[in-house]
Every structure is written in structure tokens, then in C-alpha cells.
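# Examination of the molecular architecture
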Amino acid sequence: MAGADYLERIPNNVNLRDDRRLLRALEEWQPRFLDWWKEMGPDGFQATEVYLRTAISVDRDGWAQFGYVKMPDYRWGIFLAEPEPDRRIAFGDHLGKSAWPEVPGEYRGVLRRLIVTQGDTEPASVEQQRHLGRTCPSIYDLRNLFQVNVEEGRHLWAMVYLLHAYFGRDGREEAEALLQRRSGDRDKPRILGAFNEQTPDWLSFFMFCFFTDRDGKYQLASLQESGFDPLSRTCRFMLTEEAHHMFVGEVGVARIVQKSCELMRDHRTDDDVRRHGGIDLPTLQRYINFHYSVSLDLFGSEVSTNAANAFTMGLKGRFEETKKDDDHRLADSTYPVTTLEADRVVSRDLPALTALNERLRDDYIADCQRGVDRWNRIIDEHGIDLELRLPHRGFHRAIGSFGEAKISPDGRVITQAEWDARRDEWLPTPEDAQFVATLMRPVVEPGRFAGWIAPPPRGINGLSLDHEYVRLTRKEG
Ligand code: BYC
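Reading guide: rules and limits
Residues numbered from 1 in each chain as written. Predicted model: local features only at pLDDT ≥ 70, side-chain atom pairs only at ≥ 80, totals over all residues. Heavy atoms only, no water. Core = buried A, V, L, I, M, F, W, Y, C linked by side-chain atoms within 4.5 Å. Buried < 20%, exposed > 50% of the residue type's maximum accessible area, 1.4 Å probe, protein only. Contact = heavy atoms within 4.5 Å. Salt bridge = Lys/Arg side-chain N within 4 Å of Asp/Glu carboxyl O. Helix = DSSP H or I, 4+ residues; strand = E, 2+ residues; numbered from the N terminus. Patch = residues over 30% accessible without salt bridge, like charges linked within 9 Å, V, L, I, M, F, W, Y side chains within 5 Å. Areas by Shrake-Rupley, 256 points an atom, 1.4 Å probe, with all protein chains shown as cover. Lys, Arg positive; Asp, Glu negative; His and termini not counted. Charge placed at Lys NZ, Arg CZ, Asp CG, Glu CD. Pairing = 2+ DSSP bridges. Axes fitted to C-alpha atoms, helices over the stretch in contact; angles between N-to-C directions.

### Quick word on the nonpolar core
In this structure, F211, V257, W375 and W452 are the most contacted members of the largest nonpolar core, which totals 108 residues. Not counting chain neighbours up to four residues away, the residues in contact with V257 comprise L281, L284, W375, I378, I379 and L388.

Below you can see the structure in the form of C-alpha cells.
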């Protein structure tokens, strides 16, 4: 990799050693990050050796190195994808001009807000997941949880680097504030709704990785199109890590579905999976309904001038902007938006610029559906007549035009009374949470898996399933 300083205190490929001021600022932030990690990162396990993948290069073939690491010693680094020579802005008012190596002064505030919002989600997710280690279904899963956690920590570093390097004093203050807010805190919550919800059990964790990390994929892919080149390059590299998180979610839920189907087949029971220690498919459906709907909110309102401005300014593009065959300015085009009008769900052709959040949400929905289809194939292979479904996009929404209404999973506008009567059919109930909690007993013997989840198809990095991915027996004094 060009110019990689892996052995520095802060591994990086941005020539930190040549910028003493920036280096000093980041070296001052580093111990505060570590304090935050120790306070809000994985509860326990800080002295435990974990088989982790560390980013050491941004080359396509060799960016990852696997080995045992104690999490506080993880080499959180700053890695930007290689610059594209003569990169041009691909959309908006500045279409065709050279990408910006520095922050364009007039867009500073908007850009900072996007970076802070993105950055805020990273530590938030670590906070949400901090108690899960104690109830892992296997040490294979425990290792995956910690891998996700350290990489979210690295994503925080990525955004903090941009704030420190390009936003002066305001950037440094924002970087501090990223360590001050806390997921779910009444006085200083994280910025976006889904990142203040709880992730109390592993079912929620896998759902979160599937649905909420996938929002990360689409937001990062849009920011990767940014005319501000350092943001684009940062996001390009982050996306390679994000893929693993979604894999953990998709395969995690698939393994739960698999196990539930096996229990149904072995015990010839449709509705008593719980008695046999599995998670029944209707419960899975309610968790899908919850995690999908809170993740849909993360795309913002259907009609958004913020989104239009970010696009026109050249700061945030569309998913796969450069592959789209249109004028990339969108001043005269429209886009079909599903919205609520006087108690009816309707589709309206609205100005494409203000509909950009909805368009990204559509890309996301199609991607979620592909994953749900794969889960349904498992159910089908077991000869079970049930289909998991994504609820209607208006169901259980807090943001946008559906936020004020009550919409059933099949997309009907319903009364508050019907909502109250049927809510427990559609969303996880306290009893569901209690039941799932009873299954959360740690299984830590290498190669063993909890009874509610099937083993994965293969181990990590070519290793066997019974590999000791986390060395629980060799804790440091
Ligand atoms: N909760 O015009 P609007 C990830 C606010 S996940 C609370 O509708 P806009 C990850 C909004 O901030 C990806 N507030 O929306 C995943 C605005 O407030 P102000 C994270 C919300 O601005 C798993 C107001 O409502 N990255 O990486 O077009 C693990 C009106 O906003 C919410 C990004 O989000 C909400 N759900 O779009 C770890 C990318 N939604 O400014 C990591 C950067 C909206 O009026 N962020 N609001 O006070 C953005 O691009 C935009 O900020 C949003 C919102 C897409 C989030």
C-alpha cells in the first residue's frame, strides 16, 4: 500500500507523520477514545485474546491480517482508499469539476453535519452491543461480535480523522462530542433514532446487523460519491468492512431460521418451537418488523430539502451514482414517492431532487427483500408453508409522512384502536423479549452452539468451526 505507516502509534496511510499538528491532535484524542472503549465497549473481555482481522492496507488483495489481539490493543488506524487519478464530481451543480481535496468553504456546515451524523452511529452501535458478550451462543459468534465492534471503532476513527484534519476547532469539538453522547441516554442521546434503541439479545444483534448495518451500506455508498474526495475515499474503504457486518446479520438470522425449521420438522410441530428451545417464526417476523421499520427511519423524510441540497452541492450522491444514465443534476426530473395523503397511501411523482431519501430507501428495501428471500428458501426447503415478509414501508414509522399515522404491516391506514388491539401481533412484546432472554445462556466450549441457532456453514479465515476463536481460558491476570 502506498505510504502505509502500520507501525506508528496511529497506523495510517495519510502521512500523519508529516503533519505534526494533526498527529498531535489525534494523539491527544486517542487516550480519550480508549477511555471511552473501556467504559462503553464490550463489557468484560478486555484482557481476552480474540482472533481478529485488522486492516493494515487498502489493497484489494491484502488489506486484512488475522491474529490474536486483546481488544484495547487493536490497531485502530486511518485508512483511505487509494485516490482515483483526476477524479471528477459526478453530480449536482459542480458536475464535471475536479473533486475537492479540501472542504469547500461555503459547504462546510452541511458537510460537517453529514460526517458527524455518520460518525455518531459508530460508537453508538458499540454501546448498544456492549453486554452481548456475556450471553454468546458460541465463541465463533463471540468473535464475530468483537470483530464488528472493533471495526465500528475504526469507523469512528475514520470520521474523527476527517473532523480533525479538515474542520479545525469545530471539528475537534465535534470529535470530543462523539465520545460524550451515549446511546439511549435521556440527556445526551445519539443523533439518530435506531441508535438509541436497545440491543439486549443476540436475536436483536443479528437483526441489527442485517437491517441497520445495511443502512450503513447505503449511506456510505452515497457518501462515497461525494465531491469532497477525502470523504469519498474514507467511505470506499469503510464499505469493505461493512460487508462483513451484514454477513454476520444475514447468516445469523439464517441459522436461527434453519434451527427453528429443524425443530418443527423433528417434532412435527408448527407452533411449539419455543417448547423445544427454538425461536418460532412468528417471533422472528415481529423482530423483522421492528428492526426493519426503525432502520427505514434512518433514511429521513420522503421529501427532504436537506437531501436535495446535499446532492446539488455535490456532497452526497445517489447509490451507484456514476452508473446511472441520466443528467446527474435532476433539476427537471421526478421520482415516484409512496406517501400518505388524507389517510390514503398513494404514489406521487415528485421532484426527484427532494425525493432522494426515498430513492435511497427504495434501493435499501430491494436489498433487504433479497435477504428475506434467502431466509424463505430455507423455510421452503423444509416444506414449511410460511413466508417471512417485510412489512409495508409505512408500518411503525417515526420519521416522514407515515410518522403521524398508524399503518398495518400490509399497508392499510388503521385507527389507533386497531393499532392498540393488534400491536402485539406485529411487534415484539415484553413476553417475546423475556422468552428470548431465557435462551441467552453463554456457550463457550469451542465447536459448540446454543440450541436455538444452527452452526454456520464454515469457520473464519479457513479455520474449523471448533477453533478457539476467543481464548477464554487464558485470561490475563
Ligand atoms: N432519527 O430532511 P430529513 C451506519 C432528522 S448507519 C432522528 O428528513 P435528511 C451504521 C434529521 O437529522 C448510516 N432524527 O433528513 C450502522 C434532520 O434534523 P435537523 C449512518 C432524524 O437530513 C450500523 C431532520 O430530522 N449515516 O453507518 O435528509 C452500525 C429532518 O431530516 C432521523 C448517515 O446517516 C432519524 N432516523 O437525512 C454502525 C449518513 N432521520 O438537521 C453504523 C449521514 C432524520 O433538521 N446522514 N432525522 O436537525 C445523512 O445523510 C442524513 O443526516 C440522514 C437524514 C439520511 C440521516
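We are not done yet, so read on.
### Section: the pattern of salt bridges
Under the definition given, this model contains 42 salt bridges. In this structure, R374 and E250 form a salt bridge, with 2.4 Å as the shortest nitrogen-oxygen distance. Taken together, the residues span a long stretch of sequence, with R374 in helix 9 (residues 356-381) and E250 in helix 6 (residues 229-266) at a distance of 124 residues. Relative accessible area serves as the criterion here: at 36%, R374 is assigned to the partly exposed category. Residue E250 is classed as buried on the basis of its relative accessible area, which comes to 16%. Salt bridges sharing common partners tie together E39, D120, E127, R181, R182 and R190.

### A few points about a positive patch on the surface
Together, R20, R21, R24, R169 and R172 line one region of the surface with positive charge. Those elements that provide at least two residues to the positive patch are helix 1 (20-40) and helix 4 (168-180). Top element by residues in the positive patch is helix 1. It accounts for three residues. Within the fold, R172 resides in helix 4.

### Focus: the sheet that holds strand 5 (residues 470-471)
Paired through backbone hydrogen bonds, the strands of a sheet run either parallel or antiparallel to each other. In spatial order, the strands read 2-1-5; together these three strands make up an open sheet with antiparallel pairing. Here the strands that pair on one side only, and so sit at the sheet edges, are strand 2 (64-70) and strand 5. Bridge analysis of strand 1 (residues 49-55) against strand 2 gives seven bridges, and the strand direction is antiparallel. Each residue of the ladder has a partner; that of E49, found in strand 2, is K70. Contacts between helix 3 (residues 139-166) and the sheet are confined to strand 1, strand 2 and strand 5, with strand 1 contributing the most and set at about 40° to the helix.

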